[in-house]
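This is what each chain is made of:
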Amino acid sequence: MSNELEVVLFPCLSDNYGILIHDNASGETVSIDTPEVDKIEAACSERKWNLTQIWNTHHHADHTGGNLDLKKKFGTKIYGPGIVKGRIPGLSNPLFGEETFKLGTHDVHVLSTPGHTLDHIIYYVPDAMSAFVGDTLFALGCGRLFEGSKEDMYNSLKKISSFPDETKLYCAHEYTLSNAEFALTVEPSNNDLKKYIIKAKKLRADGLPTVPTTVDSEKKCNPFVRAVSATRLGEIRAAKDIF
Ligand code: ZN
Ligand code: FE
């Protein structure tokens, strides 16, 4: 019991999520990305957790903007993509994808998921049955292709959808309802999608996050995960960009 990982999620900025992972046994606390320093600090101090690690998913400012302040205050270690030098402020533990490190006694698998950016990585923690997927996959959507190709994103989504069905996927933004409108134009008669949307609308109406989603629901409902080829994914992504 005491060796269980606790994950908390809280809104930051206009539509980002802050996420903390706490390992009670080792006392380690991780912030996934650093969208908003004050919110992250408050979430830690409310629980009397000491922020010891930051795991960055990619270099965009809404994901790394709080790195230096938090590092200065807490002496936090910063894990993140090392593939493009100088992009991650305060980076102390560069990662290159397809490696494993430990949080306390728990394995953390790093996977490179280019597409949204070339440096994008995600963190899969089997003991928490959770993956922290940044801006690669969103509930019912995927990140815009700013740097990578449709082939990159297709392969990256395949990595995520190959995790066990019950795996929780923590995305970095609350985009679900707007993604839902687009998803319905791709698969208007997908009943799983319709049910998913009813649930998501209810959550939002109650002021609750739709994140985390799961591998299972995304395989059933997310048009980008369901795309049968990189070419098809590219078509859907282009249509979404102008939706
Ligand atoms: Zn981004
Ligand atoms: Fe973002």
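Reading the values: rules and limits
- Residues numbered from 1 in each chain as written.
- Chains lettered and ligands numbered in written order.
- Predicted model: local features only at pLDDT ≥ 70, side-chain atom pairs only at ≥ 80, totals over all residues.
- Heavy atoms only, no water.
- Core = buried A, V, L, I, M, F, W, Y, C linked by side-chain atoms within 4.5 Å.
- Buried < 20%, exposed > 50% of the residue type's maximum accessible area, 1.4 Å probe, protein only.
- Helix = DSSP H or I, 4+ residues; strand = E, 2+ residues; numbered from the N terminus.
- Donors = N, O, S within 2.8 Å, 3.2 Å for Na, K, Ca; no water.
- Tetrahedral: all angles 85-135°; square planar, octahedral: opposite > 155°, others 65-115°.
- Contact = heavy atoms within 4.5 Å.
- Pairing = 2+ DSSP bridges.
- Axes fitted to C-alpha atoms, helices over the stretch in contact; angles between N-to-C directions.
- Polar contact = N/O pair within 3.5 Å; in protein donor to acceptor, adjacent residues only side chain to side chain.
- Parallel < 35°, antiparallel > 145°, perpendicular 65-115°, else oblique.
- Nonpolar A, V, L, I, M, F, W, Y, C, P; charged D, E, K, R; others polar.

1. Focus on the nonpolar core
Part 1 of the reasoning: Residues W55, Y123 and F163 are the most contacted members of the largest nonpolar core, which totals 43 residues.
Part 2 of the reasoning: Per-element accounting of this core gives the leading share, five residues, to strand β9 (residues 121-125).
Part 3 of the reasoning: V8, V37, A43 and W49 belong to the second-largest nonpolar core, a separate cluster that totals 14 residues.

2. Observations regarding the coordination of the iron ion (ligand 2)
Part 1 of the reasoning: The protein atoms that coordinate the iron ion (ligand 2) are D62 (OD), H63 (NE2), D135 (OD) and H173 (NE2), at distances of 2.1 to 2.4 Å.
Part 2 of the reasoning: The site at the iron ion (ligand 2) holds four donor atoms, and with the angles between them running 85 to 167°, its shape is irregular.
Part 3 of the reasoning: Coordination of the iron ion (ligand 2) draws on donor residues from a single chain, spaced D-H-x71-D-x37-H in sequence.
Part 4 of the reasoning: In this structure, the iron ion (ligand 2) lies 3.2 Å from the zinc ion (ligand 1), and both are coordinated by D135. Of this pair, D135 sits in the loop between β10 (130-134) and β11 (137-138) while H173 is found in the loop between β13 (168-171) and α5 (176-186), placing the two residues 38 residues apart along the sequence.
Part 5 of the reasoning: On the basis of relative accessible area, H173 is assigned to the buried category, the value being 5%.

3. Focus: the environment of N67
Part 1 of the reasoning: If you trace the backbone, N67 turns up in helix α3 (residues 67-74).
Part 2 of the reasoning: Taking the C-alpha atoms as reference, N67 lies 17 Å from I122; in sequence the two are 55 residues apart.
Part 3 of the reasoning: When residues no more than four places from it in sequence are discounted, the contact partners of N67 are T34, I54, N56, I78, I88 and P89.

4. Quick word on the pairing of strand β7 (residues 99-103)
Part 1 of the reasoning: Pairing between β7 and strand β8 (residues 106-112): five bridges, direction antiparallel. Of the residues in β8, the one forming a bridge with K102 is D107.

5. A word on the coordination of the zinc ion (ligand 1)
Part 1 of the reasoning: Coordination sphere of the zinc ion (ligand 1), protein contribution only: H58 (NE2), H60 (ND1), H116 (NE2) and D135 (OD), at 2.2 to 2.3 Å.
Part 2 of the reasoning: Each of the four donor atoms around the zinc ion (ligand 1) contributes to a set of angles spanning 87 to 174°, which defines the coordination as irregular.
Part 3 of the reasoning: All donors of the zinc ion (ligand 1) belong to a single chain; written as a sequence motif, their spacing is H-x1-H-x55-H-x18-D.

6. A few points about the sheet that holds strand β3 (residues 28-32)
Part 1 of the reasoning: Spatial strand order, β1-β2-β3-β4-β5-β6: six strands in an open sheet with mixed pairing. Two strands close off the open sheet at either side, each with one partner strand: β1 (5-12) and β6 (93-95). Within the sheet, the average angular offset between the axes of one strand and its neighbour, ignoring direction, is 20°.
Part 2 of the reasoning: Inspection of the sheet shows strand β4 (residues 53-55) paired to strand β5 (residues 77-81) by three bridges, in the parallel sense. Within the sheet, the bridge partner assigned to W55 lies in β5 and is Y79.

7. As for the pairing of β1
Part 1 of the reasoning: In this sheet, strand β2 (residues 16-23) lies alongside β1 in antiparallel orientation, the contact comprising eight bridges. Looking at the pairing, F10 lines up with G18 of β2.
Part 2 of the reasoning: Between β1 and β2, which pair antiparallel one after the other, the connecting turn spans three residues, and L13 there sits at a positive phi close to 50°.

8. Let's talk about the side chain of T34
Part 1 of the reasoning: If you trace the backbone, T34 turns up in the loop between β3 and α1 (37-46).
Part 2 of the reasoning: With a relative accessible area of 0%, T34 lands in the buried category.
Part 3 of the reasoning: Polar contacts involving the side chain of T34 include one to the main-chain carbonyl oxygen of T64, which spans 3.4 Å.
Part 4 of the reasoning: Looking at T34, its side chain comes within polar contact range of the side chain of N67, at 2.8 Å.
Part 5 of the reasoning: Ignoring anything within four residues of it in the chain, the contact list for T34 reads I40, I54, N56, D62, H63, T64, G65, G66, N67 and L70.

9. A look at the packing of helix α4 (residues 150-161) against helix α8 (residues 230-241)
Part 1 of the reasoning: Relative to each other, α4 and α8 sit at 105°, their axes nearing to 8 Å. When the axis of α4 is compared with that of α8, the two are roughly perpendicular. Contact residues: α4 offers K150, E151, M153, Y154 and L157, while α8 offers A230, T231, L233 and G234.
Part 2 of the reasoning: Counted by class, the contact of α4 with α8 contains five nonpolar, two polar and two charged residues.

Note that every value here comes from positions in space, so none of it alone points to a role or purpose.
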